[in-house]
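# Structural features, examined
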Amino acid sequence: MLQGTTPLVGVTTYRQEAVWGPWRRSAALLPVSYVDCVAAVGGRPLLLPPSKGPGATDSSAVDVVAVLDALVLVGGGDVDPACYGAHSHPATSGVNRQRDDSELALLAAALDARLPVLAICRGLQLLNVLLGGTLLQHVPDVVGHRGHQPEAGRFAPIDVTIEAASLLSKAMGESATVQCSHHQAIDRLADGLVVTARSPDGLIEAVELPTAPFIVGVQWHPEQDGDLRVFDALLGAVV
C-alpha cells in the first residue's frame, strides 16, 4: 500500500434472489453493517460478488487479491459438506456451491499473497475447510442446547475466553461477550490453525494461522453490534 492511501478492503457478498421496490431479482447483496465497520476503521470497502462460471474462480481470484490491501470473508449460508468430504445433515441449509468455490479461491489467493484476512462466522468455517478441516453440521447435536443460535435470523450473546498472546487478545483482551448466530462450527481443526477462543461449552469460537502475518477467524459477528476492534486490528496489519 502506498503511504497516505486508504486501504482497499475486499468484502465478500451473498449471491441470491432479493426483493427491493417492485423488483425481485438475483442480486449480490450484503448487510451494510460490514461496510460500515470497514469504513469506520479507515478502510475503503470493495464489494466482491461470487464469480460466475466454471473454471473462472481461480484466475479471477488472483487478479482481485492483487489489488486488495485486506480481505473480509462474511457470514451466510452453510458450506457445502461435499467441500470437506461429508454428507449433508438434515439441518444444513442455504448451501450455495458457486459462492463456496468463489470464496475458497479468493481465500487461497489471499493466503498465497500473505494478505491480511478477517474471516467472520461462515468465513472462519471456510478457512478451516480450505486448510483440510471439517465442520460440525448442527451444533445443538453436540453441545445439547441452542444458545449459539436460538433460531434462524437471531443473535445471542456468548461469553468467550481468548488465548493470551494471540492477535485476538491484543485486540479484545482475554475475555469478551460476543454476538453469535451459528448452528455450525469447527469439528476437526485444520493443520496449521490454532484455537484462540472458546465458549464455555468448549466450542471453537476463533482461530488464527500463526505462519501468516494476520489471518484471524471469529465464529461470532462483530459487525452486528459495531464492535470495531477486530476490524481495526485487520487494518493495523496492512503494510
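This is a predicted model, so every value here is computed, not measured.

## Brief notes about the pairing of strand β1 (residues 8-12)
Counting buried positions along β1 gives five out of five residues, so the element sits mostly inside the fold. Burial along β1 is two-sided: the residues Leu 8, Gly 10 and Thr 12 and Val 9 and Val 11 are all buried. Sheet topology note: the β1/strand β4 (residues 44-48) ladder contains five bridges and is parallel. For Gly 10, the partnering residue across the bridge sits in β4 and is Leu 46.

## Thoughts on the sheet that holds strand β12 (residues 204-208)
Ordered by their spatial adjacency, nine strands build an open sheet running β4-β1-β5-β6-β13-β12-β11-β8-β9, and the pairing between neighbours is mixed. On the outer flanks of this sheet lie β4 and β9 (175-180), each paired with one strand and no other. With direction set aside, neighbouring strand axes in the sheet form an average angle of 25°. Where strand β6 (residues 117-120) and strand β13 (residues 215-218) come together, four bridges link them in parallel fashion.

## Brief notes about the nonpolar core
With 33 residues, the main nonpolar core has Val 72, Leu 168 and Trp 220 as its most contacted residues. Once residues within four sequence positions are removed from consideration, Trp 220 is found in contact with Ile 120, Cys 121, Val 160, Leu 168, Met 172, Val 178, Gln 179, Cys 180, Ala 197, Glu 205 and Ala 206. In terms of nonpolar packing, the next biggest core, distinct from the first, is built from 26 residues, Ala 105, Ala 109, Leu 124 and Ile 204 among them.

## Some details on the packing of aromatic side chains
Enumeration over the complete set of coordinates arrives at zero aromatic pairs. Geometry around Tyr 14 places Arg 99 over its ring, the cationic atom sitting 4.6 Å from the centre.

## Thoughts on the state of the cysteines
Here a disulfide denotes one covalent bond, and it connects the sulfur atoms of two cysteines. The full count for this structure, using the stated rule, is zero disulfides. Unpaired in terms of disulfides, Cys 121 finds its nearest cysteine sulfur in Cys 180, a separation of 7.6 Å.

## Some remarks on the packing of helix α3 (residues 97-113) against helix α4 (residues 122-130)
Two numbers describe how α3 lies on α4: the axes approach to 10 Å, and their chain directions differ by 70°. The angle between the axes of α3 and α4 places the two elements in the roughly perpendicular class. When α3 is examined against α4, the residues Arg 99, Asp 100, Glu 103, Leu 104, Leu 107, Ala 108 and Leu 111 are found in contact with a partner set consisting of Arg 122, Leu 126, Leu 127 and Leu 130. Looking at side-chain class alone, the contact of α3 with α4 contains seven nonpolar, no polar and four charged residues.

## Points about α3
The end-to-end C-alpha distance of α3, which contains 17 residues, comes to 24 Å, matching closely the 24 Å that a straight helix rising 1.5 Å per residue would cover. Arg 99, Asp 100, Ser 102, Glu 103, Leu 104, Ala 105, Leu 106, Leu 107, Ala 109, Ala 110 and Leu 111 are the residues of α3 that are buried. Sitting at the head of α3, Asn 96 places a side-chain oxygen 3.1 Å from the backbone nitrogen of Gln 98. Positive backbone phi, approximately 55°, marks Arg 114, located one or two places after α3.

The rules behind the values
Residues numbered from 1 in each chain as written. Predicted model: local features only at pLDDT ≥ 70, side-chain atom pairs only at ≥ 80, totals over all residues. Heavy atoms only, no water. Buried < 20%, exposed > 50% of the residue type's maximum accessible area, 1.4 Å probe, protein only. Helix = DSSP H or I, 4+ residues; strand = E, 2+ residues; numbered from the N terminus. Pairing = 2+ DSSP bridges. Axes fitted to C-alpha atoms, helices over the stretch in contact; angles between N-to-C directions. Core = buried A, V, L, I, M, F, W, Y, C linked by side-chain atoms within 4.5 Å. Contact = heavy atoms within 4.5 Å. Phe/Tyr/Trp six-rings, centres within 6.5 Å; stacked < 30°, edge-to-face > 60°. Lys NZ or Arg CZ within 6 Å of the ring centre and 35° of its normal. Disulfide = S-S within 2.5 Å. Parallel < 35°, antiparallel > 145°, perpendicular 65-115°, else oblique. Nonpolar A, V, L, I, M, F, W, Y, C, P; charged D, E, K, R; others polar. Expected span 1.5 Å × (residues − 1). Polar contact = N/O pair within 3.5 Å; in protein donor to acceptor, adjacent residues only side chain to side chain.

Honestly, it's all geometry; don't read function into it.
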